[in-house]
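Chain by chain, the residues:
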Amino acid sequence: MDTPGISLCMIVRNEAQHLERCLLSVQGMVSEIIIADTGSEDNSIVIARRFGARVIRLPWEHDFSKARNQTLQLASYGWILVLDADEALADWKVEELELLLESERADGYFLHFMHYVGEGSGREYVTDNVCRLFRNDSRICFRGSIHEEVASSIWSLPGGHIAYARLPVDHYGYLDDELQRKNKASRNLELIHTALRLEPDSVPLRYALGTEYYQQGQYQKAADLLLPLLEEAPPDSGYTADLYLKTAFALQAGGRPHDAASVYQAGIGLYADFTDLLESYAGLLMEQGQVWGAYPLLQRALDSGDTAHKYPSSSGSGTYRTRVSAGRVCERLFLYEEAMEHYRQAIGCSPDDLAAWEQLATLCLLSGQAEQLTVFTRQLLPALPRRVLSRLVPAALNARAAPWLAALLAAPQLPEDIRQVLQVLLGTLFRDPEQPGAASAGLARMQRDAPDNPWVSGYLWALSCRSGGIAAAGQGLGRLAELPPGLAAAHRKLAGLQAGPAEHGADGQSISSFPAGCSTHPPYTGSLADSEQRADTPLSFADFSYAAQLLLQTGAWDTLLVLGRPTSAARFRWSRLPLPLLRGLLDAPVSFKMQWCADYTRQSQHYSLPGDAAEWLLYAAIAQSCGQVPKLTSTDEQTLLQSGCAAAITGLSYHMLLLAAEVHPQGNLPATGSIPWLVLVKSAIQSGDDRDKNV
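Computed from a prediction, not measured in an experiment: that's the story for all the values here. (Residues numbered from 1 in each chain as written. Predicted model: local features only at pLDDT ≥ 70, side-chain atom pairs only at ≥ 80, totals over all residues. Heavy atoms only, no water.)

**Digging into the pattern of salt bridges**
Under the counting rule described, the total for this entry stands at 23 salt bridges. One salt bridge in this structure joins Glu232 and Arg206, with 2.8 Å as the shortest N-O distance. Of this pair, Glu232 sits in the loop between helix 9 (219-226) and helix 10 (240-253) while Arg206 sits in helix 8 (residues 203-215), placing them 26 residues apart in sequence. Exposure remark for Glu232: the relative accessible area of 40% places this residue in the partly exposed category. The salt bridge partner of Asp599 is Arg602, with a shortest N-O separation of 2.4 Å. Highlighted residues: Asp599 and Arg602, both in helix 30 (residues 590-603), separated by three residues, approximately one helical turn. Here the residues in one salt-bridge network are Arg68, Asp84, Glu87, Arg132 and Glu148, joined through shared partners. (Salt bridge = Lys/Arg side-chain N within 4 Å of Asp/Glu carboxyl O. Helix = DSSP H or I, 4+ residues; strand = E, 2+ residues; numbered from the N terminus. Buried < 20%, exposed > 50% of the residue type's maximum accessible area, 1.4 Å probe, protein only.)

Rendered as structure tokens:
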């Protein structure tokens, strides 16, 4: 097949790190390459010539259009493609391209640009459609010293027409490191201000200036510049839809929600299927508590689907990202089954969507539907990337969901060292919980082969706490301090509590203030200073969370109970732990759960902030799981009422039904059944519960 008759025209300066990728992507797609170098000091010219490019040197005059138009004048083929060095064609097909070039209707084509943003993971991007493929016609030229465009010159031709081509172009120039390397923000601002001095009334230039401030997070400046343009910009321009979106969001972020709502509504009136605009407006309504108003907007966006060929868009708008937003709204409306379906649809569209996986997994685990989660996971195992597995595996461990963990173990992408640890845990602790020694032996063998593996060392510490006591666990503390530092801090608290007085559990039996099996061991006498051994030594929540997960996963229930027991220096909210771990707590022995409830009720007078509503809901879940009706003090009741949280009020109402059923077991009362208390905990947290990292 012949090479299409296209001239590639570029301007470059110090683009050695990108240029080869760009030129490799156009091989077989263009018949000649023309590159204007505006002063490179690296080997950009050498790379260009290696690909057979015709290179000319141009002095940089701070005018992108002028430089680009000089390259157009040198093009010798019937069509021209314009790229920057940090762009690359994304899997173009020659036969599809030839059909476009043979069309007599189009003078140019909008190409679908994917501008990758952030840290360079290749996951997040924004899109727009730019005319960069057009006929070689002397009347077609670029306009504008910055944010130059060729579309207006095509539209000014008699019958000039630009069609849309589904030909994607990847752009890497908006990645964080690239923005910093080129200092694009300062450069663009300087060029725009220079151009505005010549054309102070130019709508495109004022839009470009507002966009620069918007991208820098200076939303008030952006809003002041963009808002007046809504009256001046023509609705059918290539940027007016984006103008409405940026103006509305800038007003919203700048503390002007009423003005933002007006702009959103006006924009949706013009662009009813602009999914980013619909989704952003739904976000504003969610912030204002208008949940029922947000859901129809998200449903309309989902009905519109992917409209990136019509509007500037961001990754997942109208598809998987909007699904996740709709799922979260459904949770706020207590439509949990609908929420799970939205998350499943999002994952079906994008199996590596971490946000959707986390929401689905958590909701399934907390609502007791781990079996459905296991089936769904097995269906998608080959498509799960490591970054998703790295979040799902800890969730399965924390929830003690053995069937789901077994399904994840079958993922071919799972690193082998992690697989070995999981096989030991699954084969011993989860399937034979009364034999922790086998797990310890297996992990000890692994530690000899990989002494620096923090997973192995952490689990050995937790198993030592379970079977040998705090003193035995402390024997390896020096080594642990080098690997997972949080365990050293947690161990210090446990060691300080070891000499505490005996207490009586919920069953009336005497229990020590340290794990069962520790009473035969002397107090911990490691190298830590006495002041570090005190129970009142502050322990960060991050350290508490890390140790709590290991203890729960290994079934070291008594140690876990002691670790979370309030002291005068620290009181940890258990509801702030990873949500799957809360499901794991329901798997604990009844004796643990009854003692946990006793500790809660003894300390409940200290839980009096609105943010503590989730803590009472967790208590209610644990109490009911061991056959108790949750107790409700007047302080607890006020906490729930003052939280203003619908989940808390729902839990309170259900508790009243439980009390009524207990007092009148034969009464004519509605069936109370059961309620997914843990899902209410999740809803309470999502509705604004305080989740600071340190207590």
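Right, picking up where we left off after that structure.
**Points about the nonpolar core**
Within soluble globular proteins, side chains that are nonpolar tend to cluster in buried spots. Core analysis: the biggest nonpolar cluster contains 167 residues, and Trp357, Trp404, Leu443, Leu560, Leu585, Trp596 and Trp677 have the highest contact counts within it. Counting residues per element, this core draws most heavily on helix 31 (residues 613-625), which supplies ten residues. Setting aside residues no more than four positions away along its own chain, Trp677 makes contact with Trp616, Leu617, Ala620, Ala621, Gln624, Gly651, Tyr654, His655 and Leu658. The next biggest cluster of nonpolar side chains, apart from the first, holds 37 residues, and it includes Val55, Leu83, Leu111 and Ala165. (Core = buried A, V, L, I, M, F, W, Y, C linked by side-chain atoms within 4.5 Å. Contact = heavy atoms within 4.5 Å.)

**Topic: the packing of aromatic side chains**
Throughout the structure, instances matching the rule amount to 27 aromatic pairs. Ring geometry for Trp357 and Phe376: centres 5.7 Å apart, planes at 50°, overall tilted. In this pair, Trp357 is assigned in helix 16 (residues 354-366) and Phe376 in helix 17 (residues 370-380), connecting sequence segments 19 residues apart. Comparing Trp357 with Phe376, the two get one shared label, buried. Here the aromatic residues Phe541, Phe544, Phe572, Trp574, Trp596, Tyr600, Trp616, Tyr619, Tyr654 and Trp677 are joined through ring pairs into a cluster of three or more. Positioned above the aromatic ring of Phe142 is the side chain of Arg68, whose terminal nitrogen or guanidinium carbon lies 5.8 Å from the ring centre. Here the basic side chain of Arg576 rests over the ring of Phe541, its NZ or CZ set 4.0 Å away from the ring centre. (Phe/Tyr/Trp six-rings, centres within 6.5 Å; stacked < 30°, edge-to-face > 60°. Lys NZ or Arg CZ within 6 Å of the ring centre and 35° of its normal.)

**Side note on unusual backbone geometry**
Here the phi dihedral of His62 falls at roughly 55°; this positive angle occurs in a residue that is not glycine. As for its placement among the helices and strands, His62 is situated in the loop between strand 3 (54-57) and helix 3 (64-72). For Asp91, which is not a glycine, the phi torsion comes out positive at approximately 60°. Considering the arrangement of structural elements, one finds Asp91 in the loop between strand 5 (87-89) and helix 4 (94-102). Overall, the relative accessible area of 67% leaves Asp91 in the exposed class.

**A word on the pairing of strand 6 (residues 108-116)**
Of all nine residues making up strand 6, nine are buried, and the element is well covered by its neighbours. Burial along strand 6 is two-sided: the residues Gly108, Phe110, His112, Met114 and Tyr116 and Tyr109, Leu111, Phe113 and His115 are all buried. Taken together, the seven bridges between strand 6 and strand 8 (residues 162-171) define a ladder with parallel strand orientation. Bridge pairing in strand 8 places Phe113 opposite Val169. (Pairing = 2+ DSSP bridges.)

**With respect to the packing of helix 16 against helix 17**
At a minimum axis distance of 8 Å, the contact between helix 16 and helix 17 shows a crossing angle of 150°. As far as their axial angle goes, helix 17 and helix 16 are roughly antiparallel. Of the two possible hands of crossing, helix 16 and helix 17 adopt the one that is left-handed. Across the interface between the two elements, Trp357, Leu360, Ala361, Cys364 and Leu365 from helix 16 touch Ala370, Leu373, Phe376, Thr377 and Leu380 from helix 17. (Axes fitted to C-alpha atoms, helices over the stretch in contact; angles between N-to-C directions. Parallel < 35°, antiparallel > 145°, perpendicular 65-115°, else oblique. Left-handed = near helix turned anticlockwise from the far one by under 90°.)

**Overview of helix 19 (residues 402-409)**
Of all eight residues that make up helix 19, six are buried, and the element is covered over most of its length. Those residues of helix 19 lying buried are Ala402, Trp404, Leu405, Ala407, Leu408 and Leu409.

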